[in-house]
Every structure is written in structure tokens, then in C-alpha cells.
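Inside the fold
Here is what each chain is made of, one letter per residue.
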Amino acid sequence: MGLLSQDQWLGSARTSVLKYYLYKSTKAVEFYRPIMYLFFLAQGLDFTQIAILEAIYNLTTLFGEIPTGYIGDRVGRRMSLLIGTTLIAVTLLGIGLAGSFLTLAILYACWSTGYNFRSGSEDAWLYDTLTDDLSEGEFAHVRGRGESVALAVGAGAAIIGGYLGSIDLSYPWFVAAAVTGLGAIVLLTMDEPETYKQTDPDELSIRRTVGIVKDALSRRNLRAFILYYYVLYAAVTYLIFVFLQPIFQTVVVDLGVSQSQVESLLGWFYAGYSLFGAVLSYYTGAIKEHVGVQTWFLVLPFIVGAALVGMYFVPLLALPTFLVARGLSDVTRSFAGQYVNDRIGTLGRATVLSAMAMVSGLAVVPFQLGSGVISDAVSPLFALAIAGVVLVIGSAVILLWEVPVADDTSSSSSQSTQDLS
């Protein structure tokens, strides 16, 4: 390869990564996230009904992940992302207009389907794009930078969403729908990775797809990790975001804050933890190098589990616990994506990644339903404390069975992380 063609190659890769960062900045979740569950409570829902909505979301994920991942492998990663992003934008608009549990239940199924189309295809697109440039080892680094961009933009969005929510709890949903729609426009300018184009999607029959997924899920270097992260850790930490708002409201009101100030304070709180998460995500590559993926995953569940138990006895600890848990979540997700992508092939990649999300969606359903009932019977703080105990004990049992994360230091990429920054 001549110098000119090599420069063009690297320039194309950088352009693709920059477009990826721009797309990540339009995900818009922070507009509605600070008021999301307060909005549902204002519609007359109780915690059990909210848990049912979340269960519908995850059951839709369960039944939709592999089919949508398969579609992503057949029609292309970009087209799958475009379908999902458009569906999410329309659904967000519908939620803002909804006024009943039944309507929200239908919209939740549509919402989940939109994310089904994006979940496996997003990481598959990025990993294959980096593979085009022989930089697949930089996946965690680039994905972390992408999450950092999304969180930094989300910090401002959270503040705006909090203030909009103090005016009308529907407004943040409308703004989020508009910004998400911009993501569809960005996707229209993105290309399919050459690595994907060089595969023959017509070879990917349903039978072969099932075989690829079955093989990946049964591999010794993945099975314990799936249980450890996608089943246990992901299910428990998901509950943190479900109960953050009512717990935050209880804590700050007990501290003497006026009820009318809760929504705007939530906006600032979400902005703070988005910025904290942005900083951590920006340094994902450095954390991987100095801490290591194995150490990260072996220690993290015990820290988070202990914090969830501790805040039941000292409710004020909920605020720093939520801050840290949110900051760690995107780094952890990037590491998980790198770990799994390194162990699967291009053909069927989106389907396998969707299968991981499907497993996680299935696992979280009993946690959601159980925590909803416990929250109504006792309190959300007690429900999270129980989840923390389950996380610690479950993680210890898996570790006694098999170490879930292999040491990847020998497979680290030698390419400078600055090439695609």
C-alpha cells in the first residue's frame, strides 16, 4: 500500500469515527431521564406498574434481539441503526403524549424494538469499522470516547430536561424525540464497514445464525462472563436507574428541599453524574491499560453491592452511590463489548451481540418485578439493598465456579490510541 492510499485509508477511518461521535451525541436520553419515573408517577402509575413497563421492555428485548440482530447482519449495520433510531424518535414523541398505562405499555414495546435494532448493530458497526483500519484493539478506547461525548452533551441536556420538566413533564420527551431524529440524519452520511461488505450475508441462513450464537454462548471463555456481567451485574445495576428518582426525591426532601425544586435539582444531579461518567469514559483506554479488564470486573460487583446495602442504613449515601454507579456503567459496558467482540467473528457479529442483550433482558425481568413489589411493600431503598446482597453472593458463587474474565494483556493492540482519536 502506497503512502497516499494509506493516508486516505487512515483519513477515512478518522472520518467514520468522528461521525460515530456525532451520532452518539444525538442519543438524547438525558433530556427525559431526570424526570422519567416522576412522569410515570404523575400519570397515576405505581411502582408495580412501572416495574411491569420495564418488564415489557425487557421481554420485548428478549424476543426481538436475535431477529433484529439477524436483520442487522443481513441488511447492514447502518440500515439497522437507521431503522432503530427512527423508531425510537417516534416512540419518544408518543410517550410524551401518552396518558394511560395501556398506551405506555404499547409504546414501551416499540421503544424496546427500536433499541433492539441498535444494540448489536452499533457495536458491530464500530468494531468492523476499526477492523478495516486494523485497529479493532482500540474498540474500548473509541467506544469510551463516544460515550464520553454522549455524556458530556447529556450533561447540558439533563439540566435543560430538568427545567423543562418543572414546567411540564412531557416537554423533555418532545425535545428528546427531535434530537434523536437528528441522529437518523447523521446515519445517512455513514458508510458500511468494508469488513462487513467483504462477508457474504446471503451465507447467513437462520440455521447457521443459530449455530453461531449457540457456539458463542457455550464457549468456555464466554459462558461465565455472560452470567457474571450480562445476567447478574447488568440486572442489578439496571435497578439503580429505575429507583434513582424516587429515592433522590425522598432524600433531598428529607434534607429540607422544597418539593417544587426536585425536578430542577434532578436535572443538575443528572448533569453532574453525566460529566463524571464522561470523564471516566474518556479515559477508558487508560483505565484498561493501568487497571486491566480482568481486575475491573472482578472487583466492581463487590463494591457496587456493598454500596447498595450501605445506603439502606444511611440513605444520604444514595447520592454518591448513584453518582459513582452511573459513572462506572459506560466504562464497564465498553469493556464488556471489547471482551465479547474479541472472541467472535464478523459474520453474525450483530446477532451474537444482540443475543447477549437478550440474555440480559431476560435476567432483569424477575429483578424488576420483584423489586417493584418490594418497593411498594417496604421501600425502594430496601429493594436495592436486597439487590446488593444478591449481587455480592451471586458474584462470589460464579467466581468459585469459574473465573469469568480472562487476562487479555497478551492480546492488547500495539497501535497508538491517538490514531483514531
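Residues numbered from 1 in each chain as written. Predicted model: local features only at pLDDT ≥ 70, side-chain atom pairs only at ≥ 80, totals over all residues. Heavy atoms only, no water.

Some points on the overall build of the chain
Our working definition: Strands are runs of DSSP state E lasting at least 2 residues, helices are runs of H or I lasting at least 4, and numbering of each runs from the N terminus. In this scheme, a residue with accessible area under 20% of its type's maximum is buried, one over 50% is exposed, and one in between is partly exposed, where area comes from a 1.4 Å probe on protein chains only. Any pair of residues with heavy atoms lying within 4.5 Å of one another is described as a contacting pair. To be clear on the numbers: accessible area is Shrake-Rupley with a 1.4 Å probe, and residue cover counts the displayed protein chains and nothing else.
Within the chain, the secondary structure is distributed over 17 helices and zero strands. For the chain, the residues scored as buried account for 55% of the 421 residues in total. A fraction of 88% describes how many contacts in the chain between residues 6 or more apart in sequence connect residues 24 or more apart. Carbon and sulfur atoms form 67% of the exposed surface of the chain, whose accessible area is close to 16700 Å².

Re the nonpolar core
Just so we agree on the cut-off: By convention a nonpolar core is built from buried Ala, Val, Leu, Ile, Met, Phe, Trp, Tyr and Cys residues, the set being connected through side-chain atoms within 4.5 Å.
Among the nonpolar cores identified, the biggest contains 85 residues, and Phe40, Trp111, Trp173, Phe225, Ile247, Phe297 and Phe322 are the most heavily contacted of them. Looking at this core element by element, the count peaks at 18 residues for helix H11 (residues 220-254). Contact partners of phenylalanine 322, with chain neighbours within four places excluded, come to Ile240, Phe243, Leu244, Ile247, Phe269, Tyr273, Met311 and Leu384. Ranked by size, the runner-up nonpolar core spans 16 residues in total, among them Tyr20, Tyr23, Leu82 and Val186.

Structural notes on empty space enclosed by the protein
Condition: Definitions used for this entry: grid spacing 1 Å over protein atoms alone; cavity, a set of points where a 1.4 Å probe fits but cannot get out; pocket, an open set with protein on both sides within 12 Å along at least 5 of 7 lines; lining residue, one with an atom within 4 Å of a point. Grid points are joined across faces, edges and corners, and a volume is the space filled by probe spheres set on the points.
Scanning the entire structure with this criterion turns up three cavities of 30 Å³ or more. Taken as a whole, the second largest cavity encloses approximately 60 Å³ of empty space. Taken together, Phe47, Ile50, Ala51, Glu54, Leu239, Val242, Phe243, Gln368, Ser371 and Gly372 make up the lining of the second largest cavity. When contributions to the lining of the second largest cavity are tallied by element, the ones reaching two or more residues are helix H4 (47-75), H11 and helix H16 (349-377).

Details of the packing of helix H7 (residues 139-167) against helix H8 (residues 171-188)
We apply this condition: Each axis is a line fitted through C-alpha atoms, taken for helices only over the stretch in contact, and angles between the N-to-C directions span 0 to 180 degrees. Orientation categories follow fixed angle ranges, with anything under 35 degrees roughly parallel, anything over 145 roughly antiparallel, 65 to 115 roughly perpendicular, and all other angles oblique. When residues are sorted by character, Ala, Val, Leu, Ile, Met, Phe, Trp, Tyr, Cys and Pro go into the nonpolar class, Asp, Glu, Lys and Arg into the charged class, and all the rest, Gly among them, into the polar class.
Packing of H7 against H8 leaves a shortest axis separation of 7 Å and a crossing angle of 135 degrees. It follows that H7 is oblique to H8 by the angle criterion. In this structure, H7 contributes Gly161, Leu164, Gly165 and Ile167 to the contact, and H8 contributes Tyr171, Pro172 and Val175. A breakdown of the residues in the contact of H7 with H8 according to their chemical character gives five nonpolar, two polar and no charged.

A few points about the packing of helix H14 (residues 293-313) against helix H15 (residues 318-341)
Helix-helix packing: each pair is described by the crossing angle between the helix axes and the interaxial distance. What counts is decided by this rule: We call a crossing left-handed when the near helix sits turned anticlockwise from the far one by less than a right angle, and right-handed when that turn is clockwise.
As a packed pair, H14 and H15 sit with axes 11 Å apart at the nearest point and diverge in direction by 155 degrees. Taken together, the axis directions place H14 and H15 in an arrangement best described as roughly antiparallel. Viewed along their axes, H14 and H15 form a crossing whose handedness is left-handed. Every residue of H15 that contacts H14 at Val293, Trp296, Phe297, Leu300, Ala307, Leu308 and Met311 is listed here: Ala318, Thr321, Phe322, Leu328, Val331, Thr332, Phe335 and Ala336.

Comments concerning the side chain of serine 371
Mapped onto the fold, serine 371 is located in helix H16. In this structure, serine 371 is in contact with Leu239, Phe243 and Ala383, ignoring residues within four places of it in sequence.

Here we look at the environment of serine 375
Cut-off, in case you're wondering: Here a polar contact is recorded for every N or O atom pair within 3.5 Å, except that within protein the pair must consist of a potential hydrogen donor and a potential acceptor, and residues adjacent in sequence are included only if both atoms are side-chain atoms.
Turning to its location among the elements, serine 375 is positioned in helix H16. In this structure serine 375 comes out as buried when scored by relative accessible area, which is 4%. Spatially, the C-alpha atom of serine 375 lies 6.8 Å from that of phenylalanine 47, the residues being 328 residues apart in sequence. Beyond its immediate sequence surroundings of up to four residues, serine 375 is in contact with Phe47, Phe243, Pro380 and Ala383. A distance of 2.7 Å separates a polar atom in the side chain of serine 375 from the backbone oxygen of serine 371.

Considering the packing of aromatic side chains
Aromatic rings considered in pairs are described by the distance between their centres and by the relative angle of their planes. Defined as follows: Two aromatic rings, drawn from Phe, Tyr or Trp (for Trp, its six-membered ring), form a pair once their centres lie within 6.5 Å of each other, and the interplanar angle then sorts them: stacked below 30 degrees, edge-to-face above 60, tilted otherwise. Note on criteria: charge over ring means Lys NZ or Arg CZ within 6 Å of the ring centre, with the direction from the centre no more than 35 degrees off the ring normal.
By the definition in use, this model includes 25 aromatic pairs. Relative to tyrosine 230, the ring of tyrosine 229 lies with its centre 4.9 Å away and its plane at 85 degrees, an arrangement referred to as edge-to-face. Given the relative accessible area of 8%, tyrosine 229 is considered buried. Members of the aromatic cluster, each reached through a chain of ring pairs, are Tyr32, Tyr37, Phe39, Phe40, Tyr57, Tyr108, Trp111 and Trp173. For the cation-ring pair, arginine 145 lies above tyrosine 282, with the distance from its terminal atom to the ring centre recorded as 3.7 Å.

Comments concerning the confidence of the model for the chain
Our working rule: Residue-level confidence of the predictor is summarised by pLDDT, bounded by 0 at the bottom and 100 at the top.
In the predicted model, the chain carries a mean pLDDT of 80, and the fraction of residues at 70 or more is 81%. Every residue in residues 1-9 is under pLDDT 50, and counting partners more than four places away or in other chains gives five contacts.

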